[in-house]
Amino acid sequence: MRVRDVAARLPFVSEQFVGKRLAQMHADGLVTRAVDRHGAPYQLSGFGNSLSSVHRALSDWSQAHLPLGKVAGAERVEDAVRRLHLRHSTAVIQVLDSGGPARFVHIAEEAGLDNGFTRQRLNRLQLDGLVARTGSRHGDPYVLTDAGRALGPVYTAVERWSNPVATPRPAAAPVAAATRTHTGIPLRSEGIRTAAALRQSTAAPSSLFSHAPQPQPRVPAAVTVQSAPSRGR
């Protein structure tokens, strides 16, 4: 389909917006063009078509656990992605999944995140219905909600999509970082974070992840400033 044909199916967005989205999807390898010229039609690539299982898992999870009313499946997918895509949200969910109810300081330490950043993510995850407090007092632990605990199939679908030819691992074997195996597809920073973070436990079906969280070392601000690239680089 050409840009104008896709835009005709989506009257709530402009043709210019559709063109920008398709161009980005083309750069990400999700769509292809028979000829690389202005006006040439787009079609889903094999890589893009393989996302159907991820979309289905997101939509099913949303349908079962998010009170959005009568919402189209595509809108449920985008709403679900919005709740999960922010950087380090998965790390916070991972800590709560592996250790149960946890206080703020413990979550920040285990995830290797700055206290202020951890607070922002917890507040956002609470608003999105994935995390809750066990009490109303300051310092009460956080815990995953039913919706948060039900994310296992979503993480499984993402892992299988990002590494579709991975061989089954023994339950006791350490889990290596998943990598995208589709050749010729650029792996952006968001994809790297997703592939490395999203796991489903083969040892315990109730667990979202199969490995302990790996905290990132904190880098002092003074070091960050000193290591900033010079103007000439």
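Residues numbered from 1 in each chain as written. Predicted model: local features only at pLDDT ≥ 70, side-chain atom pairs only at ≥ 80, totals over all residues. Heavy atoms only, no water.

(A) Looking closely at the overall build of the protein. Regarding its fold elements, the protein presents 12 helices and four strands. Relative to its 233 residues, the protein shows a buried fraction of 35%. Sequence separation of at least 24 residues holds for 47% of the intrachain contacts in the protein that already meet a minimum separation of 6. Surface accessibility of the protein: about 14,300 Å² in total, with carbon and sulfur atoms responsible for 55%. (Helix = DSSP H or I, 4+ residues; strand = E, 2+ residues; numbered from the N terminus. Buried < 20%, exposed > 50% of the residue type's maximum accessible area, 1.4 Å probe, protein only. Contact = heavy atoms within 4.5 Å. Areas by Shrake-Rupley, 256 points an atom, 1.4 Å probe, with all protein chains shown as cover.)

(B) Looking closely at the side chain of Ser89. Within the secondary structure, Ser89 is located in helix α6 (residues 89-99). With relative accessibility at 2%, the residue Ser89 sits in the buried group. Residues contacting Ser89, with those up to four places away along its chain left out, are Leu84, Arg121 and Leu125.

(C) Structural context of the environment of Leu130. Mapping Leu130 onto the fold places it in the loop between α8 (115-127) and β3 (131-133). Along the sequence, Leu130 and Ile93 sit 37 residues apart, while their C-alpha atoms lie 8.4 Å from each other. Excluding its chain neighbours within four sequence positions, the residues that come into contact with Leu130 are Trp61, Arg83, Leu84, Ile93, Leu125, Val143, Leu144, Thr145, Ala147 and Gly148.

(D) Main features of unusual backbone geometry. Positive phi, normally seen in glycine, also occurs at His88, with a value near 75°. As for its position among the elements, His88 is in the loop between α5 (73-84) and α6. Since its relative accessible area comes to 24%, His88 is described here as partly exposed.

(E) Here's a closer look at α6. The buried fraction of α6 is high, at nine of 11 residues. Among the residues of α6, Ser89, Thr90, Ala91, Val92, Ile93, Gln94, Val95, Leu96 and Asp97 are the ones counted as buried. Of the residues one or two after α6, Gly100 is the one with positive phi, at around 75°.

(F) Structural context of the pattern of salt bridges. With the rule as written, the count across this model stands at six salt bridges. Measuring nitrogen to oxygen at the nearest pair gives 3.4 Å for the salt bridge that ties Arg82 to Asp79. You can see Arg82 and its partner Asp79 sitting in helix α5, three residues apart, about one turn around the helix. Overall, Arg82 belongs to the partly exposed group, its relative accessible area being 32%. Asp79 gets classed as buried once you look at its relative accessible area, which sits at 17%. Sharing partners across several salt bridges, the network here consists of Asp79, Arg82, Arg83, Arg124 and Asp128. (Salt bridge = Lys/Arg side-chain N within 4 Å of Asp/Glu carboxyl O.)

(G) Expanded view of the packing of α6 against α8. The N-to-C vectors of α6 and α8 enclose an angle of 80°; their axes lie 10 Å apart at closest approach. Relative to α8, the element α6 lies roughly perpendicular. Two secondary-structure elements touch here, α6 through Ser89, Val92 and Ile93 and α8 through Arg121, Leu122 and Leu125. In terms of residue class, the contact of α6 with α8 is built from four nonpolar, one polar and one charged. (Axes fitted to C-alpha atoms, helices over the stretch in contact; angles between N-to-C directions. Parallel < 35°, antiparallel > 145°, perpendicular 65-115°, else oblique. Nonpolar A, V, L, I, M, F, W, Y, C, P; charged D, E, K, R; others polar.)

Spatial relationships are all this shows, so hold off on functional conclusions.
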